[in-house]
Amino acid sequence: MWLFLPPLLQNPPTAQARSPPAVSAAGDQAESSPRMMENKVFMSFTFYSTILILKMYVVAIITGQVRLRKKAFANPEDALRNGGLQYYREDPDVERCRRAHQNDMENIFPFLFLGAIYSLLDPTPAVARIHFFIFCVGRIIHTIAYLLQLKAPTRSVAYGVAQLPCFSMALQILLATTPYW
Amino acid sequence: MWLFLPPLLQNPPTAQARSPPAVSAAGDQAESSPRMMENKVFMSFTFYSTILILKMYVVAIITGQVRLRKKAFANPEDALRNGGLQYYREDPDVERCRRAHQNDMENIFPFLFLGAIYSLLDPTPAVARIHFFIFCVGRIIHTIAYLLQLKAPTRSVAYGVAQLPCFSMALQILLATTPYW
Amino acid sequence: MWLFLPPLLQNPPTAQARSPPAVSAAGDQAESSPRMMENKVFMSFTFYSTILILKMYVVAIITGQVRLRKKAFANPEDALRNGGLQYYREDPDVERCRRAHQNDMENIFPFLFLGAIYSLLDPTPAVARIHFFIFCVGRIIHTIAYLLQLKAPTRSVAYGVAQLPCFSMALQILLATTPYW
């Protein structure tokens, strides 16, 4: 079962590139301890995750802008500041933005966990990147389809495709960790 | 205070079990660097966390199925594709699924953080597993009680019990990290 | 580019401060493997994160108390247990608590990710702590402003200020990880 539990980092060459003195003695490699930020798969995961978090921030900003444009505020104190209590109301466009944001939370947050753990399982870098890339593109298309109200089932397909790498990662994590339950 | 900050991994036996050659020289243990995925408590935490994330995905899938069965869609474009705009509406059963999912996000996502950090604090493995197990079972019962509409306070009790390990872990983390605020 | 990818822990002074014997031989430092929980920035991040998670739990508890006080329950089974089906209803005060909680999830959960990765990028400890501190204080003020219904734009300003360190951390992460996309 330990086959599933490779070291956090198995590419010592990077360590060499960074600290030339350590290269002199080959035996030093045993000492160069693995660090998470030297794990290229983890770095790739981090890149896509941060892109998706920024995407979520953009949805939040859009929601605020739509609230101002449509004059529909969730709180009386905001409505009062923006024209009066009559603008303390719901609006379909605002609700649409909120649903897009909500769906992001339901799916991107689990990815932040699954992807991080999966990165530590020493997956093939190319395969791992495909996982992250599909999820990232799927979620971006999901948001676009949601906000632009694209014809069904564009949004649902984007959601479904983005879930595939998540299921794949979850199963691989379970395979690796089940002995430790 | 450093007593609270043990190494990421303090069970070199696992390293031995995996790489017999390293056992020959006791001094080699200093070289066997601790890796997160060799931390058995962290592996156990990862197992339970992934189970709970999959559980959340199941709730999402159930929500979609209930939407189709009850013909109640959150978006006009979905309703149009499934019979007409009259199905762009809310439904109590759908809302129930959504509340279950929402409550999961409010509680399982913090657990993903607390449990990961707690695992790094080198807790007693058996005690840690009890934390994870109680949370996991509590949340599964919570979902069942929510979706099957079990009599109150089944759901609230499950929620409360699942919060106990979370509070315990949060307090232990604070104890360990307060010197670094 | 490796300049952006420092080891998980590059402050051996801490190791020295803690284990004076290790200072005697400079070579020992190669053996003292970096561990996440020895990263002071990460510890500081963990402290503030845990405070904010506890803060979210408090909002959840307040929501429950307001539900009981205002007699407004989200589920018929809860209403039945607390006086009758007529209390299966919405209430503006409950909704306010829920919006505060929702906004927390939208912003604190991404921070849990960004802050953890940022901590691993070996930032200047003082600068990092300022990031965490601003976010933490901003979010606490946000919650207070939300629950006490403070005059606009108190809440929005607190939200905006708390987002600044998040954007800063996200950009720094992207700078460090873009080569690995």
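First, a word on what this report is: a plain description of the structure on this page. (Residues numbered from 1 in each chain as written. Chains lettered and ligands numbered in written order. Predicted model: local features only at pLDDT ≥ 70, side-chain atom pairs only at ≥ 80, totals over all residues. Heavy atoms only, no water.)

1. Brief notes about helix 3 (residues 40-70) of chain A
Residues and elements named next belong to chain A.
- In a regular helix each residue adds 1.5 Å, so 31 residues correspond to 45 Å; helix 3 covers 45 Å between its end C-alpha atoms and thus fits that length.
- With a side-chain oxygen lying 2.9 Å from the backbone nitrogen of V41, the N-terminal cap of helix 3 falls on N39.
- Backbone geometry just after helix 3 places K71 at a positive phi near 55 degrees. (Helix = DSSP H or I, 4+ residues; strand = E, 2+ residues; numbered from the N terminus. Expected span 1.5 Å × (residues − 1). Polar contact = N/O pair within 3.5 Å; in protein donor to acceptor, adjacent residues only side chain to side chain.)

2. So, the packing of aromatic side chains
- With the rule as written, the count across this model stands at 33 aromatic pairs over all chains.
- Judged by centre distance (5.3 Å) and plane angle (65 degrees), the rings of Y57 of chain A and F167 of chain C are edge-to-face. Here the residue Y57 of chain A occupies a position in helix 3, and F167 of chain C occupies one in helix 8 (residues 154-177), the pair thus bridging two chains.
- Judged by relative accessible area, Y57 of chain A falls into the buried class, the value being 2%.
- With relative accessibility at 30%, the residue F167 of chain C sits in the partly exposed group.
- Chaining the aromatic ring pairs together yields one cluster made of F42, F45, F111, Y118, F132 and F135 of chain A together with F113 of chain C.
- Here R129 of chain C stacks its cationic end above the ring of W181 of chain B, 5.6 Å away from the centre of that ring. (Phe/Tyr/Trp six-rings, centres within 6.5 Å; stacked < 30°, edge-to-face > 60°. Buried < 20%, exposed > 50% of the residue type's maximum accessible area, 1.4 Å probe, protein only. Lys NZ or Arg CZ within 6 Å of the ring centre and 35° of its normal.)

3. Some points on the interface of chain B and chain A
- Facing the 36 residues of chain B at the interface are 41 residues of chain A.
- Carbon and sulfur atoms make up 69% of the surface buried where chain B meets chain A, a total of about 3,600 Å² over both sides.
- Of all residues in chain B, M37, Y57 and E77 of chain B bury the most surface against chain A, accounting for 19% of the area lost on that side.
- Viewed at the interface, chain A and chain B are joined by three salt bridges.
- Among the ionic pairs, D78 of chain B bridges to R155 of chain A, the shortest N-O distance being 2.9 Å.
- Applying the counting criterion to the chain B and chain A interface returns nine residue pairs in polar contact (both at pLDDT 80 or more). (Contact = heavy atoms within 4.5 Å. Buried area = accessible area lost by both parts, 1.4 Å probe. Salt bridge = Lys/Arg side-chain N within 4 Å of Asp/Glu carboxyl O.)

4. Remarks on the relation of the copies chain B and chain A
- The operation relating chain B to chain A is a screw motion whose rotation component is 120 degrees, with 0.0 Å of axial translation and a residual RMSD of 0.0 Å. Put plainly, the chains are arranged around a three-fold axis.
- The two copies present different faces, since only 17% of the interface residues in chain B are matched by interface residues at the equivalent positions in chain A. (Least-squares fit on C-alpha atoms with pLDDT ≥ 70 in both.)

5. A few points about helix 5 (residues 92-120) of chain A
All names here are of chain A.
- In this model, helix 5 (29 residues) spans 42 Å end to end at C-alpha, consistent with the 42 Å of a helix rising 1.5 Å per residue.
- Of all the bends in helix 5, the largest measures some 30 degrees and sits at M105.
- In terms of residue burial, helix 5 counts as a mostly covered element, since 26 of its 29 residues are buried. (Bend = angle between axes of the 7 residues up to and from the residue.)

6. With respect to the interface of chain C and chain B
- Of the residues lining the interface, 35 residues belong to chain C; the matching set on chain B comes to 40 residues.
- Summed over both sides, the interface of chain C with chain B buries roughly 3,500 Å², with 70% coming from carbon and sulfur.
- The largest share of the area that chain C buries against chain B comes from M37, Y57 and E77 of chain C, three residues that together contribute 19% of it.
- Viewed at the interface, chain B and chain C are joined by three salt bridges.
- A salt bridge links R155 of chain B to E77 of chain C; its shortest N-O distance comes to 3.7 Å.
- Put simply, chain C and chain B have nine residue pairs in polar contact (both at pLDDT 80 or more) between them.
- Going through the elements one at a time, helix 4 (40-70), helix 5 (76-81) and helix 6 (92-120) of chain C are the ones with two or more residues in the side of chain C that touches chain B.
- The biggest single contributor to the side of chain C that touches chain B is helix 4 of chain C, with 16 residues.
- Tallied by class, residues from the side of chain C that touches chain B come to 18 nonpolar, eight polar and nine charged. (Nonpolar A, V, L, I, M, F, W, Y, C, P; charged D, E, K, R; others polar.)

7. Here's the deal with the state of the cysteines
- Counted by the stated rule, this structure contains zero disulfides over all chains.
- Looking at C166 of chain B, it has no disulfide partner, and the nearest cysteine sulfur is the one in C136 of chain B, 12 Å off. (Disulfide = S-S within 2.5 Å.)

8. Quick look at the pattern of salt bridges
- Enumeration over the complete set of coordinates arrives at 24 salt bridges over all chains.
- With a closest N to O distance of 3.0 Å, R139 of chain A and D104 of chain A form a salt bridge. In this pair, R139 of chain A sits in helix 6 (residues 125-147) while D104 of chain A sits in helix 5, placing the two residues 35 residues apart along the sequence.
- Residue class for D104 of chain A comes out buried when judged on its relative accessible area of 0%.
- Linked through salt bridges whose partners overlap, the residues forming this network are E77 and D78 of chain A together with R96 and R155 of chain C.

9. Re a nonpolar patch on the surface
- Nonpolar side chains collect at one region of the surface, where I130, F133, I134, V137, I141, V157 and V161 of chain A together with W181 of chain C lie side by side and expose about 670 Å² of accessible area between them.
- Listed by contribution, the elements that provide at least two residues to the nonpolar patch are helix 6 and helix 7 (154-177) of chain A.
- By residue number, the principal contributor to the nonpolar patch is helix 6 of chain A, which donates five residues.
- Structurally, I141 of chain A is set in helix 6. (Patch = residues over 30% accessible without salt bridge, like charges linked within 9 Å, V, L, I, M, F, W, Y side chains within 5 Å. Areas by Shrake-Rupley, 256 points an atom, 1.4 Å probe, with all protein chains shown as cover.)

10. Concerning the relation of the copies chain C and chain B
- With an RMSD of 0.0 Å, the fit of chain C onto chain B corresponds to turning through 120 degrees and sliding 0.0 Å along the axis.
- Interface overlap between copies: only 14% of the residues of chain C at the interface are likewise at the interface in chain B, consistent with a contact formed by different surfaces.

11. A short note on the packing of helix 5 (residues 92-120) of chain B against helix 7 (residues 154-177) of chain B
Residue and element names in this part refer to chain B.
- For the pair helix 5 and helix 7, the least separation of the axes is 9 Å and the interaxial angle reads 35 degrees. For helix 5 against helix 7, the interelement crossing comes out left-handed. Every residue of helix 7 that contacts helix 5 at N103, N107, F111, L114, G115, I117 and Y118 is listed here: Y159, Q163, C166, M169, A170, Q172 and I173.
- Split by residue class, the contact of helix 5 with helix 7 holds nine nonpolar, five polar and no charged. (Axes fitted to C-alpha atoms, helices over the stretch in contact; angles between N-to-C directions. Left-handed = near helix turned anticlockwise from the far one by under 90°.)

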